[in-house]
Amino acid sequence: MQLAKHLVSGVDVWLNTPTRPLEASGTSGEKAVMNGVMNFSVLDGWWAEGFTKGAGWALEEGRTYLEQEMQNSLDAEIIYSKLETEILKAYYDKNEQKVSDQWIEHIKNTFTQIAPRFTMKRMLDDYFDRFYNKLFTSSEAFQDNHFMQAIKLAKWKEKTAIKWENISIVSEELPQSDLEHTLNLGDIFAARIEVNLADLVSDEVRVEILFGEKVDGDIKHIIYKEELKAENLSNGNVLYSCAIPAERAGVYDYVFRLSPKSEYLAYPEDFNLIKWL
């Protein structure tokens, strides 16, 4: 800690170039930010979330080459180029008072736009609100009344696991997704899927749509997701539907997934069954 205090206080730019995608939490970069130091790093780990234009610099997250040595050489060229054409230029662009307005602006942006979002307190608050608190509540509920809720959950999981493979799609009405069928801003993305739940009920199965970007034919980056509305039909099947306004124009890559749903589950991941449509 004593050494870090001297290191951080003497730094203008915190250069960190991890091998994609191996960056961890990035606590050293977060510490630098709180001391007015700008980060220059790969968009990996925390910097993929924390980077704000005008408050530091970044190398693209995506790789250009599979061969690591070639990627390192390219990254090195980009680093030298940014140092010469952006970072040093801003640092030495000084006014009559021998102060760089651009540099001071970067420091202010670092303090105001990045530091408040990346602190240990915010991280702990997120863990508690999003994860720990739900698990505490779930644990207390399971222990009440001689573990009655835990027994119900175990029986429900057993029943659902037996029925899961028998779930089938009866019919579907889906928008076409190709270059000839683009959505304009404000258009409605509508879909209807009729499902035979194999003696399960609509409250026990959720259907979600996920919009994302495809890489090598598979969706790798999720942009948006939404749970479909369920309607029980007279024939015993369930109709899942959605009508989502397009917030940006273009061709949409999407996929549907079915997963178990129960008030007893703190998280959907607590029951590892899923079907992709």
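Treat the numbers as computed from the prediction; the structure is a model and nothing was measured.

Visitor: Before we move on, could you go through the nonpolar core and cite the residues and values that matter?
Guide: Among the nonpolar cores identified, the biggest contains 21 residues, and Ile 167, Phe 189, Leu 197, Val 205, Ile 209, Tyr 240 and Phe 256 are the most heavily contacted of them. Among the elements of the structure, β5 (188–196), β6 (205–215), β9 (238–245) and β10 (253–260) are those that each provide at least two residues to this core. If sequence neighbours within four positions are ignored, Ile 167 has contacts with Val 195, Asn 196, Leu 197, Ala 198, Leu 200, Val 205, Leu 258 and Lys 275.

Visitor: Give a detailed account of the sheet that holds strand β3 (residues 57–59), specifying residues and quantitative values.
Guide: Read from one edge to the other, the open sheet built from three strands follows the order β1-β2-β3, with strand pairing classed as parallel. The open sheet terminates on both sides in strands that have one partner only, identified here as β1 (13–16) and β3. Neighbour-to-neighbour, the strand axes of the sheet open up by a mean angle of 10 degrees, direction not taken into account.

Visitor: Kindly report on the packing of aromatic side chains, identifying the contributing residues and their values.
Guide: Evaluated as defined, the whole model comprises 16 aromatic pairs. Between Phe 189 and Tyr 254, the ring centres sit 4.9 Å apart and the planes meet at 80 degrees, which makes this aromatic pair edge-to-face. Residue Phe 189 is found in strand β5, and its partner Tyr 254 is found in strand β10; the two are separated by 65 residues along the sequence. Residue Phe 189 is classed as buried on the basis of its relative accessible area, which comes to 3%. Overall, Tyr 254 belongs to the buried group, its relative accessible area being 18%. Three or more aromatic residues joined by ring pairs make a cluster, and in this case those are Phe 189, Phe 211, Tyr 224, Tyr 254 and Phe 256. Between the NZ or CZ atom of Arg 122 and the centre of the ring of Phe 118, over which it lies, the distance is 5.3 Å.

Rules used throughout
Residues numbered from 1 in each chain as written. Predicted model: local features only at pLDDT ≥ 70, side-chain atom pairs only at ≥ 80, totals over all residues. Heavy atoms only, no water. Core = buried A, V, L, I, M, F, W, Y, C linked by side-chain atoms within 4.5 Å. Buried < 20%, exposed > 50% of the residue type's maximum accessible area, 1.4 Å probe, protein only. Helix = DSSP H or I, 4+ residues; strand = E, 2+ residues; numbered from the N terminus. Contact = heavy atoms within 4.5 Å. Pairing = 2+ DSSP bridges. Axes fitted to C-alpha atoms, helices over the stretch in contact; angles between N-to-C directions. Phe/Tyr/Trp six-rings, centres within 6.5 Å; stacked < 30°, edge-to-face > 60°. Lys NZ or Arg CZ within 6 Å of the ring centre and 35° of its normal.

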